[in-house]
Structures are given as structure tokens and as C-alpha cells.
Amino acid sequence: MDKRQAVGSWLSGPRAAAEDMGVDFGHRGKRLGLPEEGPGAIAPTGRRLGAIFVDWGLCFLIANAFFSSGAPQTTANIAVGILFVVNALAVGTLGFTPGKRLFKLRVVSVDGGRLGFGRVLLRTALLCLALPALIWDRDGRGLHDRFAKAVQVRL
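Every chain is numbered on its own, with residues counted from 1 as its sequence reads. Reporting in this predicted model follows two pLDDT cut-offs: at least 70 for local features of residues, and 80 or more for side-chain atom pairs to be given and counted; totals over whole chains, interfaces and linings ignore these cut-offs and use all residues. Hydrogens and water are ignored here; the side-chain numbers use all heavy atoms of the structure.

Engineer: Looking at this structure, I do not really get the side chain of Arg-154. What am I missing?
Structural biologist: Only DSSP runs of H or I reaching four residues or more are called helices, and only runs of E reaching two or more are called strands; each is numbered from the N terminus. For Arg-154, the location among the structural elements is in strand 2 (residues 150-154). Here's how the labels work: a residue is buried when its accessible area is under 20% of the maximum for its type, exposed when over 50%, partly exposed in between, all with a 1.4 Å probe on protein chains only. Residue classification places Arg-154 among the buried positions, given a relative accessible area of 19%. In protein, a polar contact means a hydrogen-donor-capable atom and an acceptor-capable atom, both N or O and within 3.5 Å, with residues adjacent in sequence counting only if both atoms are side-chain atoms; elsewhere, any N or O pair within 3.5 Å suffices. Of the polar contacts made by the side chain of Arg-154, one reaches the side chain of Glu-37; its length is 3.3 Å. With residues up to four places along the chain from it excluded, the contact list for Arg-154 reads Glu-37, Gly-38, Pro-39, Gly-40, Ala-41, Ile-42, Ala-43, Pro-44, Arg-47, Lys-104 and Leu-105. Only heavy atoms matter for contacts: two residues are in contact if any of them lie within 4.5 Å across the pair.

Here it is in C-alpha cells:
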């Protein structure tokens, strides 16, 4: 290997270096037994971000309209509480929130079934903390989904 390849792999990251050495990672969701495209495939990042922005916007509007005390921080905290309740109830019963439904996504268990209510509560609590949702694995799942043994898929 010449120096240009070493520098290129260092700049590109460990995945690119491993792929250059012949490692086949496959498509996102392959390790979970999910298809590459179509219904049941891992939800694309853009759709997931769109869904959480819709859900967050709805919760913020509800908090602002019904519970606003004039203090922006209080309204934001109430919006997080509403986001927790909406996510726990909607994902626990339907498998999707209003934003996920709009973007044609669903939250399911890694084994393909519905999430149990305890796992839904864990996932929702970690989602409301925000940081676990921002750390993803190579399948594109956030830590909140990994810890709850959940995956977001296309409808």
C-alpha cells in the first residue's frame, strides 16, 4: 500500500478502509434480515428526520396553544413531555406517530413483531433525551432503537 492509500483510508474512515480490503457490509438492514428496498426496509434518514420534525412541531404547537405561560423554556419542557406521551401512546398502540404515518414509517421490533410497552417507554425516554437518537450504528438505527431492540421501517 502506498502512502496515498493510507492517507485516503485515514481520511475516509474505517469503513472505507475495510471496504477497500474487500469487506462486504451489504445494505443497511442486511444484518437484521430486512430487504434493501420497499416495504419493510430500513427507513431512510431523511424520512426519519422529517417525521421527528413533524412530531416535534405538533407537540410544540400544542404546548404553545394550551400550556404556554409565556416562558419559552417552560413551553419547550412541556413540549418534550407531550412528545413523550404522544410517542409512548402512538408507537405503543399503532406502531407510528403522526409524523411517522405522514412519512410512511413504522416502528417494529427487530424480530418483526410489535414492541412491548416497556420497550416503547425505554425508546421514548431515550428519544426525548435526544443524544441517543443522534448516535447511529451502521444500519442507521439510533441508540434509542438499539436499546429498545426496535427498528424503523418503511410501510
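Engineer: Teacher, can you tell me more about the packing of helix 4 (residues 72-93) against helix 6 (residues 117-129) here?
Structural biologist: When two helices pack together, their arrangement is given by the angle between the helix axes and the distance between those axes. Interaxial angle, 0 to 180 degrees, is taken between N-to-C directions of lines fitted to C-alpha atoms, where a helix line uses only the stretch in contact. Interaxial distance between helix 4 and helix 6 falls to 9 Å at its minimum, and their mutual angle equals 150°. The orientation of helix 4 relative to helix 6 falls into the category roughly antiparallel. As helix 4 runs across helix 6, the sense of the crossing is right-handed. Listed contacts from helix 6 to Val-80, Leu-83, Phe-84, Asn-87, Ala-88, Val-91 and Gly-92 of helix 4 are Phe-117, Val-120, Leu-121, Arg-123, Thr-124, Ala-125, Leu-127 and Cys-128. Among the residues forming the contact of helix 4 with helix 6, the class breakdown is 11 nonpolar, three polar and one charged. Each angle receives one of four descriptions, namely roughly parallel if under 35 degrees, roughly antiparallel if over 145, roughly perpendicular if within 65 to 115, and oblique otherwise. In this scheme the handedness of a crossing depends on how the near helix is turned from the far one: anticlockwise by less than a right angle means left-handed, clockwise means right-handed. Asp, Glu, Lys and Arg are counted as charged, while Ala, Val, Leu, Ile, Met, Phe, Trp, Tyr, Cys and Pro are counted as nonpolar; the rest, among them Gly, fall into the polar class.

Engineer: How should the pairing of strand 1 (residues 105-109) be read in this particular structure?
Structural biologist: Look at any regular strand and the pattern is simple: side chains alternate between the two faces of the sheet. Counting buried positions along strand 1 yields four of five residues, so the element is predominantly enclosed. One bridge is not enough; two strands pair if DSSP finds at least two bridges between them. Two strands pair when backbone bridges link them, and strand 1 and strand 2 are joined in this way by five bridges, in the antiparallel orientation. For Arg-106, the partnering residue across the bridge sits in strand 2 and is Val-153.

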